[in-house]
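Next come the chains, spelled out residue by residue.
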Amino acid sequence: MRQPLKLVPPANPGSEDDRVLARVAGGDLGALGALYDRHARALLAFASRAVGSNEAEDVVQSTFIRAAKAASSYDGRAASARSWLFGIAARLVQERRRSFARLARALSRFDLSASSPPEAEDQSDMKKALLRLSEAKRVVLLLAEVEGFTCEEIATMLGVPIGTVWTRLHHARRDMRAFYEETSR
Amino acid sequence: MTTTCHRSWEVEAARDGRLTGEARASFDAHAAGCPSCRGAANGLESLANGLRGLGSAEVDDVSLRRLRGRVLEAVDAEQTGRVEVRAHRARSSARIAALVGAAAVVAVVAFFSLPGSKAAAPALVAYERPAASAETRVEVEAGAGARYTRTVSGDVERFDLVDGTLRLRVVRAAGGRRVLVKVPDGEIEDVGTTFEVVVRDGHTERVGVDEGRVVARLAALAPVTVEAGSVWTRSVVAIAVPPSAADASAPVSTRANGKARTEADREDAAYLEVLRLLREGREGEAQSGADAYVRSFPAGFRREEMERVARGRAGERQLP
Ligand SMILES: [Zn+2]
């Protein structure tokens, strides 16, 4: 009997991450640094795949800022701090498109931190295909196939029904395949 | 070439956890002897492998460490109430124009909403100087013979220290007023709680921080953040750094248990300080800060943009 959604097991109450998150909730910057040290590399890799390397740092920065604000609401419903953080990052990737893509592009023209070169033209076909997917599909594909989250975990992380996850995943793979077939012709 | 098997849809279902129990066992048994299904499974796996190979090499330690500084800085700024991040609905393009220039660097900060809370409207962000607050209390201990004045103007509490030692303990609620110590050769801004400033012969001699941290902006030096447990002294600069030498970057000495700040950390602090000045609209100070950065860190990571700021480009930014 499957029991998807919301029934992700509570986090191990004694885990190191939980203790760190409790300290983050209390405004402890050192704890936030520790959380960062543990998860930032993976999040940055995820974000690089999801939005390209230029915007990846913004996503990760926002992830930790949001995490710092929301740490007190971390109640162990997420399976782990890792999935909680990836959930935040994934939502940010999606929200970017929904609400703030145009503004972000406008801002990036002034963004002093945008010192990295524009996204290279010679991206691999894989990358091009990935970036042509909608954010929603891309995020699900990456969380499942790269980060190794189960579809149930992803559903919890994104706050969508598991059927939606399956559908997005299926369409993401189909679109990737279609792109390949198109370009290899 | 294999023909498509009528069960090939189950390949994906199995991979994604939609097949359980008997259904899964039945499919596994089938797939073991079905080239078509095995081929489909391999196809999915190779897509996954391709994705895993993307981008992972792009994460380098330098970016990670810099980003760490930015994250902590942004969160600290919110928590200390030194600046407050607030989401605004963009009301007019004029307002956007006013805010965007200053807020560009930190704009992304504001695109969050608390899970469970009502989703924040997509919003433009500005760092806003908190309103003056009676909640700010500064306990002052002056050294014998210290000469200073104390004034409160708007949301700034200002100490002009002409000579001697001033020890301040700042107790403020989030959003309290700024506390600035003006010294003959610059200013020191409280970002934390307890610190001490010593001025002698018209120069800042020493800045010691017990709790929290302060930012010291002193003539001809890149702005420097002095953290709790650290002491900045002029003598260290004088000994270690000839003026405009390539590495004019070692103004922070540390106590035995203090964290030795690396060159890169100091560079980050200098850079962040310039950004802060920019977003507060203090273009002139930002320009000198940027100039100091370029002189202090000629091989700095942010050199190009600091040169741009130093030349005054920041003031020319406009909306498209
Ligand atoms: Zn088959």
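Time to look at the overall build of chain A. Scanning chain A from N- to C-terminus turns up eight helices and zero strands. Starting at the N terminus, the α and β elements of chain A follow one another as α-α-α-α-α-α-α-α. Classification of the 185 residues of chain A by burial places 54% in the buried group. Restricting the contact set of chain A to residue pairs at least 6 apart, pairs at least 24 apart contribute 69%. Of the roughly 8200 Å² of accessible surface on chain A, 51% is carried by carbon and sulfur atoms.

Now for the pattern of salt bridges. Counted under the stated rule, the structure contains 27 salt bridges over all chains. Between B:Asp61 and A:Arg41 there is a salt bridge, with its nearest N and O atoms 2.4 Å apart. A residue pair is termed interchain when its members come from two chains, as with B:Asp61 in helix α4 (residues 61–80) and A:Arg41 in helix α2 (residues 29–51). The exposed category is assigned to B:Asp61, whose relative accessible area is 51%. The shortest N-O distance in the salt bridge between B:Glu45 and B:Arg52 comes to 3.4 Å. Linked through salt bridges whose partners overlap, the residues forming this network are A:Glu145, A:Arg173, B:Glu12, B:Arg15, B:Asp16, B:Arg18, B:Glu45 and B:Arg52.

Below, the discussion takes up the confidence of the model for chain B. Mean pLDDT over chain B: 68, with 63% of residues reaching 70 or higher. This stretch, residues 236–261 of chain B, has a pLDDT under 50; its non-local contacts, to residues over four places away or in other chains, come to 48 contacts.

Turning our eyes to something else, we now look at the coordination of the zinc ion. All names here are of chain B. All of the protein donors around the zinc ion are Cys5 (SG), His30 (NE2), Cys34 (SG) and Cys37 (SG); their distances to the metal are 2.0 to 2.3 Å. Classification of the site at the zinc ion rests on its four donor atoms, whose angles at the metal span 98 to 115°, yielding the label tetrahedral. In terms of primary sequence, the donors binding the zinc ion are separated according to C-x24-H-x3-C-x2-C. Residue Cys5 is found in the segment before α1 (9–15), and its partner Cys34 is found in the loop between α2 (21–32) and α3 (35–53); the two are separated by 29 residues along the sequence. Across the pair, Cys34 and Cys5 agree in class, each one buried.

For the rest of this paragraph, the subject is helix α5 (residues 125–132) of chain A. For α5(A), the full list of buried residues reads A:Met126, A:Lys127, A:Ala129 and A:Leu130. Angularly, the buried residues of α5(A) cover 165° about the axis, an arc narrow enough to put them on a single face. Turning to α5(A), the residues buried within the fold contact α2, α6 (135–145) and α8 (162–183) of chain A together with α3 of chain B.

What counts, and where the lines are drawn
Residues numbered from 1 in each chain as written. Chains lettered and ligands numbered in written order. Predicted model: local features only at pLDDT ≥ 70, side-chain atom pairs only at ≥ 80, totals over all residues. Heavy atoms only, no water. Helix = DSSP H or I, 4+ residues; strand = E, 2+ residues; numbered from the N terminus. Buried < 20%, exposed > 50% of the residue type's maximum accessible area, 1.4 Å probe, protein only. Contact = heavy atoms within 4.5 Å. Areas by Shrake-Rupley, 256 points an atom, 1.4 Å probe, with all protein chains shown as cover. Salt bridge = Lys/Arg side-chain N within 4 Å of Asp/Glu carboxyl O. pLDDT = per-residue confidence, 0-100. Donors = N, O, S within 2.8 Å, 3.2 Å for Na, K, Ca; no water. Tetrahedral: all angles 85-135°; square planar, octahedral: opposite > 155°, others 65-115°. Arc of directions from axis to C-beta.

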